[in-house]
Amino acid sequence: MVRWDDAKVQRAVGSVLRFGVLTAAFVAAVGGALFLAQHGGEPVHYAVFRGEPPELSSLVGILRGSLHLEPRALTQLGLLLLIATPVARVALSLVGFLMERDRKYQVITLVVLLILLGSLVGRI
Amino acid sequence: MVIVPLLAIGFGVNLQYAIGASLISVIATSSGAAAAYVREGYTNIRIGMFLEIATTVGALGGAFLAGMISTSAIAIVFAAVLLYSAWLSARPRVEHVTQDLSDPLARSLRLNGTYPTPDGLQPYGVQRVATGFSLMFVAGILSGLLGIGSGAVKVLAMDNAMRLPFKVSTTTSNFMIGVTAAASAGVYLRRGYIDPVLSFPVMLGVLAGALLGARILTRTHPKHLRLVFSVVIVALAIEMVYRAIQGTI
């Protein structure tokens with residue numbers, strides 16, 4: 001088996017980051033372009049906070065809308081993929097620490113990963 | 001750091017939407033910069049991961065607080081952080097690298113490392129881990145409350161308290177801001193503070209900037225850049241306080 005060290009883990013993390021960021025940018029750009037093509041001429045209203053509807057603020061809503069190619073849901077999916085890139089970075093670091101058999105950092109990384117996942121699916 | 005005032009003051013966007021879009025920009029900066037240069041080998045992933053326990057818990061607390069206090073109060077805290085950052089960036093940043101590897105917490109957590117210099121790999125020791133950890137908790141709260149990367153507090157923690165070399169603290173802090181912002185972004189997304197149409201141009205602009213910025217930055221004078229930056233953020237801070245008092249933010 002190949003021996004893993006910090007440098008090797010970081011290179012793997014770098015490739016995943018590049019792929020994640022480019023995918024996120026592509027999805028958001030497609031969704032944004034579709035939205036602007038349909039509603040680009042309309043005025044915007046961001047002065048008053050109303051909050052996004054569930055279709056754009058829950059994982060299920062965003063995924064469902066994206067499957068129907070709803071432009072704003074697709075754009076939100078791009079943003080969600082961007083939010084997921086640091087989470088993927090932490091998950092990959094966990095794999096790295098598993099390979100290095102570093103027990104202490106397996107626990108530390110798992111705690112960080114659980115906090116991140118909890119924030120995405122929790123109920124705060 | 002300037003995204004929130006830019007959107008809130010420049011474009012009249014509601015503060016909560018502006019903070020949501022800013023969190024997206026922080027993640028884009030972090031992941032974009034990391035994707036652009038990961039091969040340099042300065043990031044200390046152990047320091048980053050250990051301190052992220054503090055920053056992510058803080059970020060959740062900050063995001064929770066943001067839902068409870070008024071936008072005027074948030075604007076005042078924001079202005080204070082802007083002024084502190086202006087003061088910090090107007091002063092020369094002092095590097096306190098040490099080869100003292102005796103800090104017990106740093107030893108048991110294996111935080112001490114090496115970094116490449118012109119004279120080959122140099123070892124560096126990490127000091128005052130507990131102080132750094134506490135400051136990172138504060139950085140996390142500010143990040144979750146204001147939607148910023150809290151770079152200024154991280155500099156305080158990593159350069160001044162923990163005595164990391166610049167090259168290590170800069171890249172490690174970049175790793176951490178993305179993870180910290182992701183923790184609060186989840187909460188903001190579920191609260192409906194992240195608007196796709198407002199945030200996607202911010203994200204694409206920042207990503208393009210992160211990829212191009214590295215080239216332009218090498219050709220400008222950092223001294224002039226810092227001065228311009230300080231003047232701009234002091235002006236923004238004054239405007240934010242004014243609007244907070246007027247109740248128009």
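Just so we're clear, the structure is a prediction, and the values are computed from it rather than from any experiment. (Residues numbered from 1 in each chain as written. Chains lettered and ligands numbered in written order. Predicted model: local features only at pLDDT ≥ 70, side-chain atom pairs only at ≥ 80, totals over all residues.)

Student: Before we go on, may I ask you to explain the overall build of chain A in this structure?
Tutor: Counting its regular elements, chain A contains five helices and zero strands. Its helices and strands in sequence order give chain A the pattern α-α-α-α-α, from N to C terminus. Overall, the C-alpha framework of chain A stretches about 55 × 30 × 25 Å when taken along its three principal axes. Relative to its 124 residues, chain A shows a buried fraction of 37%. The long-range fraction of contacts in chain A, counting pairs at least 24 apart against all pairs at least 6 apart in sequence, stands at 63%. (Helix = DSSP H or I, 4+ residues; strand = E, 2+ residues; numbered from the N terminus. Buried ≥ 20, exposed ≤ 12 C-beta atoms within 10 Å, placed from the backbone. Contact = placed C-beta atoms within 7 Å.)

Student: How should the interface of chain B and chain A be read in this particular structure?
Tutor: A common way to report how large an interface is uses the accessible area buried once the components associate. In this complex, chain B contributes 48 residues to the contact, which on the side of chain A involves 47 residues. Put simply, the parts of the chain that give the side of chain B that touches chain A at least two residues each are α2 (15-36), α3 (45-66), α8 (166-191) and α9 (196-217) of chain B. Among the residues making up the side of chain B that touches chain A, the classes are represented as 29 nonpolar, 13 polar and six charged. (Nonpolar A, V, L, I, M, F, W, Y, C, P; charged D, E, K, R; others polar.)

Student: Could you clarify how one ought to interpret unusual backbone geometry in this entry?
Tutor: Note: most peptide bonds trans; most residues except glycine with negative phi. Residue and element names in this part refer to chain B. Although it is not a glycine, R110 adopts a positive phi angle of roughly 55°. Following the sequence through the fold, R110 ends up in the loop between α5 (104-108) and β1 (113-117). A positive phi is found at R163, a non-glycine position, where the angle reads about 60°. Mapping R163 onto the fold places it in the loop between α7 (151-161) and α8.

Keep in mind these values describe shape, not function.
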